[in-house]
Amino acid sequence: MTYQLLFTNEAGEDLDKLEQNPNLQKRLKAVRKALAYLETNPRYPSLKTHKYDLLSREIGIEVFEAYAENKTSIAYRIFWYYGPDRKNITILAITPPP
């Protein structure tokens, strides 16, 4: 199944910030690749997708976290959930590491 990605305002702004920063082009490429995997297979192994319990409890829906990169402590994270429709994935935020 292929999913349509929808972006919250926050996630759209996060992506815009990455696109506008010439120093983060490597990170942007990784985020775009991760988003492409989410469209086709949210459980793709390199995404290391897992439920994000704290945020799930906070907003009342199952929220997942996926990694844009592996083997680096500075990997961007993508927070998302299934919906609103069956073939949608909504991207909540694209964040740098803490």
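Throughout what follows, the structure given in this document is the object of discussion. (Residues numbered from 1 in each chain as written. Predicted model: local features only at pLDDT ≥ 70, side-chain atom pairs only at ≥ 80, totals over all residues. Heavy atoms only, no water.)

**With respect to the overall build of the chain**
The test is simple: Here a helix means four or more residues in a row that DSSP labels H or I, a strand means two or more in a row labelled E, and each is numbered from the N terminus. Both definitions apply: the radius of gyration is a C-alpha atom measure, and the globule rule equals 2.2 Å times residues to the power 0.38. Exposed residues in this analysis have more than 50% of their type's maximum accessible area, buried residues have under 20%, and partly exposed residues fall in between, with area computed by a 1.4 Å probe over protein chains only.
The secondary structure content of the chain amounts to three helices and five strands. Computed over the C-alpha atoms, the radius of gyration of the chain is 13 Å, within 12% of the 13 Å expected from 2.2 N^0.38 for a compact globule of 98 residues. Expressed as lengths along the three principal axes of its C-alpha atoms, the size of the chain is roughly 35 × 25 × 25 Å. Evaluated residue by residue, the chain yields a buried proportion of 39% over its 98 residues.

**Considerations on the sheet that holds strand 2 (residues 50-51)**
Note the cut-off: DSSP bridges decide pairing: two strands pair if at least two such bridges lie between them. Two residues qualify as a contact provided that any one of their heavy atoms is within 4.5 Å of a heavy atom in the partner residue. Here an angle of 0 to 180 degrees is reported between the N-to-C directions of two axes, which are lines fitted to C-alpha atoms, with helices fitted over the stretch in contact.
Across the sheet, which stays open at both edges, the five strands sit in the order 1-5-4-3-2 with mixed pairing between neighbours. Whereas interior strands pair on both sides, the edge strands pair on one side only; in this sheet they are strand 1 (4-7) and strand 2. Looking at chain direction, strand 2 and strand 3 (residues 64-67) are connected through two bridges and run antiparallel. When the bridges of strand 3 are listed, K51 appears paired with F64. Against the sheet, helix 1 (residues 9-20) makes contact with strand 1 and strand 5 (88-95), and its axis sits at roughly 55 degrees relative to strand 5, the strand it touches most.

**Topic: the packing of aromatic side chains**
Filter applied, for reference: When the centres of two rings from Phe, Tyr and Trp lie within 6.5 Å, Trp using its six-membered ring, the rings pair. Their planes under 30 degrees apart give stacked, over 60 give edge-to-face, and anything left gives tilted.
Inspection of the entire model under this criterion finds six aromatic pairs. Ring centres 5.0 Å apart and planes at 75 degrees place the aromatic pair Y52 and F79 in the edge-to-face group. Highlighted residues: Y52 in the loop between strand 2 and helix 3 (53-59) and F79 in strand 4 (residues 77-82), separated in sequence by 27 residues. Ring centres of F64 and W80 lie 4.8 Å apart, and the angle between their planes is 25 degrees; this geometry places the pair in the stacked category. Of this pair, F64 sits in strand 3 while W80 sits in strand 4, and the two are 16 residues apart along the sequence.

**Brief notes about the environment of Y76**
Its location among the elements puts Y76 in the loop between strand 3 and strand 4. Once the C-alpha coordinates of Y76 and T2 are considered, the two residues, 74 residues apart in sequence, prove to be 23 Å apart. Residue contacts for Y76: discarding those within four places in its chain leaves L18, L24, R27, V31, A66, Y67, A68, E69, I94, T95 and P96.

**Looking at the nonpolar core**
This is how the line gets drawn: Definition of nonpolar core: a set of buried residues of the types Ala, Val, Leu, Ile, Met, Phe, Trp, Tyr and Cys, connected through side-chain atoms within 4.5 Å.
Counting residues in hydrophobic clusters, the biggest one holds 21 residues, and the most contacted among them are V31, L35, L38, I78, W80, I91 and I94. Of all the elements in the fold, those that place two or more residues in this core are helix 1, helix 2 (25-40), strand 3, strand 4 and strand 5. Examining the composition of this core, we find that six residues originate from one element, helix 2, more than from any other. Leave out the neighbours within four places in its chain, and I78 touches V31, A34, L35, L38, F64, E65, A66, I91, A93 and I94. If you look at the next biggest cluster of nonpolar residues, it comprises five residues, including V63, F79, Y81 and L92.

**Side note on the pattern of salt bridges**
In plain terms, the rule: Any carboxyl oxygen of Asp or Glu that lies within 4 Å of a side-chain nitrogen of Lys or Arg is treated as forming a salt bridge with it.
Tallied over the entire structure, the rule returns four salt bridges. Across the salt bridge formed by R27 and E69, the nearest N and O atoms sit 2.8 Å from each other. Highlighted residues: R27 in helix 2 and E69 in the loop between strand 3 and strand 4, separated in sequence by 42 residues. Assigned by exposure class, R27 and E69 land together as buried.

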